Amino acid sequence: MVTERQEMIKNQVNVEQFREDLLKWFTEEQRDLPWRKDKDPYKVWVSEIMLQQTKVDTVIPYFNRFISQFPTIEALSVAEEEKVLKAWEGLGYYSRARNLHAAVKEVHEKYEGKVPDSPKEISGLKGVGPYTAGAILSIAYGVPEPAVDGNVMRVLSRILSIWEDIAKPKTRKTFEEAVRVLISHENPSYFNQALMELGALICTPTSPSCLLCPVREHCHAFDEGTVTELPVKTKSKKQKSIQLAAVVLTDEDGRTLIHKRPSTGLLANLWEFPNMEIVQVLKSEKAQLEERLLEDFQATVEVGEMITRIEHVFSHLIWNINVYSGKLIDLKEEREDLRKVNSEEIEPFPFPVSHQKMLKFLSEQINEG
């Protein structure tokens, strides 16, 4: 059954010619990316999860390292979570890695290590939303399913002059419907990749290269002079700013105190240096840190001078961290989530980016000294 919107799209665009022009361009101009070398569903899956909220150039070295460490579904399914998080260290959005790990275990146990090739089964895996499901099914298995991400919404909002707000989740359905009309059933893999590639290289958010666009003749926004007005996207809420203080504590043997974050919430299960949110009271940051460490870890410490300031930006908040050096005078006991480590022992522990910066700053200080 053809919907009213689908009929409208067919009247707007010469579908066959649009497909031909787009696929010809992609066949000739596609980037040489490591996950395109074969159509291994596992590699496509890993790359698509990594590419969420992260640029291609950043992802390439991470992808290559991750696949060399976990080359198969089985290899990742039996890996320890800490090793997976360490391999992901620096990419951010660590829930993506944990969900991928959990889903791969399910594929290994339930589907005998084969990534499902049906929309229903693949969508049931943890962390696999409509976009990721569509990308794996179309790219790896040649199933004509839509894979609608920000790039695709931007391209099609301009091609088809769609003025719905792409920041609203319900708008995705509009674009999925459009892709179902336009997608090549002969080569859905190239078609979906071509839309993404077009958005990444040509039909960019600002200053799009319209004169280089292979489907310019089909673009209503180009004809109407509305390219810079599309897509419509309402601004997200302002990020909340939080003041933190962290301390890098060293004992008399040169070992540093680190602890593991809780298993749920932001940056779950990553390791970090002791830190806390600072409240505006009469006590100094140093005093607040010393009290908190005694209370939480039964650690007697002496917080020294501030050594650096770090700003770390998340999608919804900003951490402003004052970093101090300090002495670990006494620690009642080490625990599973609280360790003293030397410079070699600290290597396997996965740290969030903000604490990697502290570690880098510390090693540079030591080398300069």
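Keep in mind the model is a prediction, meaning the values are calculated, not measured.

(A) Here's a closer look at the nonpolar core. Trp45 and Phe66 are the most contacted members of the largest nonpolar core, which has 99 residues in total. Among the nonpolar cores identified, the runner-up in size contains 16 residues, and Ala245, Leu257, Ile278 and Leu289 belong to it.

(B) Here's a closer look at the pattern of salt bridges. By the definition in use, this model includes 20 salt bridges. Between Asp251 and Arg255 there is a salt bridge; the shortest N-O distance is 3.2 Å. Looking at Asp251, the relative accessible area reads 10%, which means it is buried. Taking the relative accessible area as the measure of exposure, Arg255 reaches 25% and is therefore partly exposed. Shared partners join several salt bridges into a network, and the residues in it are Asp251, Asp253, Arg255 and Lys340.

(C) Main features of the state of the cysteines. Taken as a whole, this structure holds zero disulfides when the rule is applied. Not engaged in a disulfide, the cysteine Cys203 finds its nearest cysteine sulfur in Cys213; these two sulfurs lie 6.3 Å apart. Cys203 sits in the buried class, given a relative accessible area of 10%. The structure places no disulfide on Cys210, whose sulfur is separated from the nearest cysteine sulfur, that of Cys219, by 6.5 Å. Look at Cys210 and you get partly exposed, because its relative accessible area is 22%.

(D) The arrangement of the environment of Gln30 in detail. Within the fold, Gln30 resides in the loop between helix H2 (15–29) and helix H3 (41–51). Judged by its relative accessible area of 24%, Gln30 is partly exposed. Gln30 sits 163 residues away from Gln193 along the chain, and the two C-alpha atoms are 8.8 Å apart. Excluding anything up to four places from it in sequence, Gln30 contacts Trp25, Arg36, Tyr190 and Glu197. A distance of 3.1 Å separates polar atoms of two side chains, one belonging to Gln30 and the other to Tyr190.

Conventions we followed
In this convention, every chain numbers its residues from 1, walking through the sequence in written order. Local features in a predicted model are, by the rule used here, given only for residues with pLDDT of at least 70; side-chain atom pairs are given and counted only at 80 or more, and totals for whole chains, interfaces and linings are based on all residues. The basis for every side-chain value is the complete set of non-hydrogen atoms in the structure, without hydrogens or water. We call a set of buried residues a nonpolar core when its members are Ala, Val, Leu, Ile, Met, Phe, Trp, Tyr or Cys and they connect through side-chain atoms within 4.5 Å of each other. A simple rule labels every residue: compare its accessible area, found with a 1.4 Å probe on the protein chains alone, to the largest value its type can have, and call it buried under 20%, exposed over 50%, or partly exposed in between. Between Lys or Arg on one side and Asp or Glu on the other, a salt bridge is scored when a side-chain nitrogen of the former is within 4 Å of a carboxyl oxygen of the latter. Cysteine sulfurs are considered disulfide-paired once they come within 2.5 Å of each other. A run of H or I in DSSP counts as a helix once it spans at least four residues, and a run of E counts as a strand once it spans at least two, with each numbered from the N terminus. Only heavy atoms enter the contact rule, under which two residues are in contact if any of them lie within 4.5 Å. We define a polar contact as two N or O atoms separated by no more than 3.5 Å, with the added condition that, inside protein, one atom must be a possible hydrogen donor and the other a possible acceptor, whereas residues neighbouring each other in sequence contribute only through side-chain atom pairs.

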